[in-house]
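Reading the structure
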Amino acid sequence: MLSTDQMMQLANQLIGAEQTPADSAIFVAGQNIQRALFGVDINSAHLLLAKQLGFDAVIAHHPYDRGLLSWPVYLKHIDLMVKAGVPQAAAEAAVLPRIEMLRQAGHSVNNDEVPSTARLLGIPFLNVHNVCDELGRRELQRVVDETIARNGEDTLLDDIVGALNQSFGEFGHAAARVEVMLGETDDYAGKTVVAHGAYTNGGAAVAAAYFRHGVDTLLYIHIQPEELKKLKDMDYGREKGRLIVVGHLAADSIGMNVYIRELEKQGVEVTRCSGALEP
Ligand SMILES: [Fe+2]
Ligand SMILES: [Fe+2]
């Protein structure tokens, strides 16, 4: 049994975060949580359902503010890029313009719609976003690194796709397939980086910056079609970059499932819904 505070603290500890990330929040606090409902997207119907079915708390993955409050998490792209060898200035140039767009777009959102339902129902409610995504990124990068360690320079995009499908049951439960969206399945993977865990995907600008600075293959969990088109038409000063898109719900679920295992160790029974896939 945990309180909502303890549930959030447990999440933060899993990635060594000193503070709750800006895209995660406790909307209605509660104690003694034994049974929780956990979904990728939670709306008011799920909250009512949870009340009706006797759950003690509801956990959402996605936040409700569409960037209004969450935008600082998008800065994590810069850290990930710099760690992968992208110069700081190039990383900032790829990331900062999008932050302005996120902040501007966030102004139109009704971030209180779903949390207000939880308050009226009096059901404990929180959302845990960045921790799950960071845990998912680490898991995906681990399998990529192991695959490349095994196959060396001969590693093909197809080897990575195969290893991901084999390593994570979530991909078998998802409707979207792990897909090579830029490049061919028999291309060499080369230096391969998972860009995830920074609020949302970095679009064409972030991908192109990786390709310009020594990353051969990038993994996103999703990309907007217009951003993919932009990326395909871009000149990034080299032969080509490769992009593997692993699929949104499976990738989110991989991180959520790491967190769920830890909640279960603490005696919280978790029921998955709304896109949360079994491992
Ligand atoms: Fe996510
Ligand atoms: Fe997501």
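No experiment lies behind these values; they were computed from the predicted model shown. (Residues numbered from 1 in each chain as written. Chains lettered and ligands numbered in written order. Predicted model: local features only at pLDDT ≥ 70, side-chain atom pairs only at ≥ 80, totals over all residues. Heavy atoms only, no water.)

1. Overview of the overall build of the chain
Which entries qualify depends on this criterion: A run of DSSP states H or I qualifies as a helix once it reaches four residues; a run of E qualifies as a strand once it reaches two. Both are numbered from the N-terminal end. Atoms considered for the radius of gyration are the C-alpha atoms alone. The globule rule reads 2.2 Å times the number of residues to the power 0.38. By definition, residues are in contact when any of their heavy atoms lie within 4.5 Å. Surface accessibility follows the Shrake-Rupley procedure with a 1.4 Å probe radius. Residue values consider only the protein chains on display as shielding.
Helix and strand content of the chain: eleven helices and nine strands. Taking 19 Å as the expected radius of gyration for a compact globule of 279 residues, we find that the chain reaches 19 Å, a close match to that expectation. Along the first, second and third principal axes, the C-alpha set of the chain runs to 55 × 40 × 30 Å. Look at the contacts in the chain between residues 6 or more apart in sequence, and 77% of them connect residues 24 or more apart. Summed over its atoms, the accessible surface of the chain is roughly 12,400 Å², and 49% of this surface lies on carbon and sulfur atoms.

2. Topic: the layout of surface pockets
As a reminder of what qualifies: The definitions used throughout rest on a 1 Å grid laid over the protein atoms alone, on which a cavity is an enclosed set of points accommodating a 1.4 Å probe that cannot get out and a pocket is an open set flanked by protein within 12 Å on both sides along at least five of seven lines; lining residues are those having an atom within 4 Å of a point. Grid points are joined across faces, edges and corners, and a volume is the space filled by probe spheres set on the points. Residue polarity follows a fixed list, in which Ala, Val, Leu, Ile, Met, Phe, Trp, Tyr, Cys and Pro are nonpolar, Asp, Glu, Lys and Arg are charged, and the others, Gly among them, are polar.
In this model, the largest pocket occupies a volume close to 480 Å³. Along the wall of the largest pocket there are 23 residues; nearest its centre are Pro63, Arg66, Leu102, Tyr199 and Thr200. Of all elements in the fold, only helix H4 (88-106) and helix H11 (248-265) reach the threshold of two or more residues within the lining of the largest pocket. With four residues, the top contributor of residues to the lining of the largest pocket is H4. Within the lining of the largest pocket, the residues separate by chemical class into ten nonpolar, eight polar and five charged. Considered as a void within the structure, the second largest pocket measures approximately 200 Å³ in volume. For the lining of the second largest pocket, the secondary-structure elements that each account for two or more residues are H4, helix H9 (203-212) and helix H10 (225-233). Among the residues forming the lining of the second largest pocket, the class breakdown is seven nonpolar, two polar and four charged.

3. Considerations on the pairing of strand S2 (residues 35-39)
Heads up, the condition is: For each residue, the accessible area found with a 1.4 Å probe, counting protein chains only, is set against the maximum for its type, and the residue is called buried under 20%, exposed over 50%, and partly exposed in between. A pair of strands is labelled paired if DSSP reports no fewer than 2 bridges between them.
When you tally the buried positions in S2, you get four out of five residues, the bulk of the element. One ladder, built from five bridges, connects S2 with strand S9 (residues 269-273); its direction is parallel. Residue pairing for S9: Ala36 is matched across the bridge by Val270. In terms of strand pairing, S2 meets strand S3 (residues 57-60) through four bridges, oriented parallel. Within the sheet, the bridge partner assigned to Ala36 lies in S3 and is Ala57.

4. With respect to unusual backbone geometry
Generally, phi is negative for residues other than glycine and the peptide bonds are trans, each holding for most cases. Notably, Arg66 is not glycine yet its phi reads approximately 45 degrees, a positive angle. Its location among the elements puts Arg66 in the loop between S3 and helix H3 (76-83). The exposed category is assigned to Arg66, whose relative accessible area is 52%. Unlike most non-glycine residues, Ser274 shows phi in positive territory, near 45 degrees. Mapped onto the secondary structure, Ser274 falls in the segment after S9.

5. Section: the environment of Asn130
Our working definition: Each polar contact in these results corresponds to two N or O atoms within 3.5 Å; when the atoms are within protein, one needs to be able to donate a hydrogen and the other to accept it, and residues that are neighboring in sequence are counted only if both atoms are side-chain atoms.
The topology assignment puts Asn130 in helix H6 (residues 130-151). Asn130 sits in the buried class, given a relative accessible area of 0%. Spatially, the C-alpha atoms of Asn130 and Arg212 are 27 Å apart, while their sequence positions differ by 82 residues. Not counting chain neighbours up to four residues away, the residues in contact with Asn130 comprise Ile15, Pro21, Asp23, Ser24, Val73, Lys76, Gly197 and Ala198. In terms of polar contacts, Asn130 uses its side chain to reach the backbone carbonyl oxygen of Gly197, at 2.9 Å.

6. Topic: the coordination of the iron ion (ligand 1)
Geometrically, a metal with four donors at the corners of a regular tetrahedron has ideal angles of 109.5 degrees, and one with six donors at the corners of a regular octahedron has ideal angles of 90 or 180 degrees. Rules: The rule for donors is simple: N, O or S, within 2.8 Å of the metal, or within 3.2 Å if the metal is Na, K or Ca. Water isn't counted, so a site may look like it is missing partners. Tetrahedral means four donors with every angle between 85 and 135 degrees, whereas square planar (four donors) and octahedral (six donors) require angles over 155 degrees between opposite donors and between 65 and 115 for all others; sites fitting neither are termed irregular.
Distances from the iron ion (ligand 1) to its protein donors, His61 (NE2), Asp133 (OD), Asp133 (OD) and Asp252 (OD), fall at 1.9 to 2.7 Å. Its four donor atoms give the iron ion (ligand 1) angles of 53 to 137 degrees at the centre, a pattern that matches the irregular case. As a motif over one chain, the donors of the iron ion (ligand 1) read H-x71-D-x118-D. A gap of 3.1 Å separates the iron ion (ligand 1) and the iron ion (ligand 2), which Asp252 links by coordinating each metal.

7. Focus: H11
In an α-helix, one turn spans 3.6 residues, which is why side chains three or four residues apart end up on the same side. Short version of the rule: What a helix is expected to span follows from its residue count: subtract one and scale by 1.5 Å.
Relative to the 26 Å expected for 18 residues at 1.5 Å per residue, H11 spans 26 Å between its end C-alpha atoms, a close match to the ideal helical length. Counted residue by residue, H11 has 13 buried out of 18 residues, so it is predominantly covered. Two residues or fewer after H11 comes Gly267, characterised by a positive phi angle close to 90 degrees.

8. A word on the coordination of the iron ion (ligand 2)
The iron ion (ligand 2) binds to the protein through His62 (NE2), His248 (NE2) and Asp252 (OD), with metal-donor distances spanning 2.1 Å. Linear spacing of the donor residues for the iron ion (ligand 2) on their chain is H-x185-H-x3-D.

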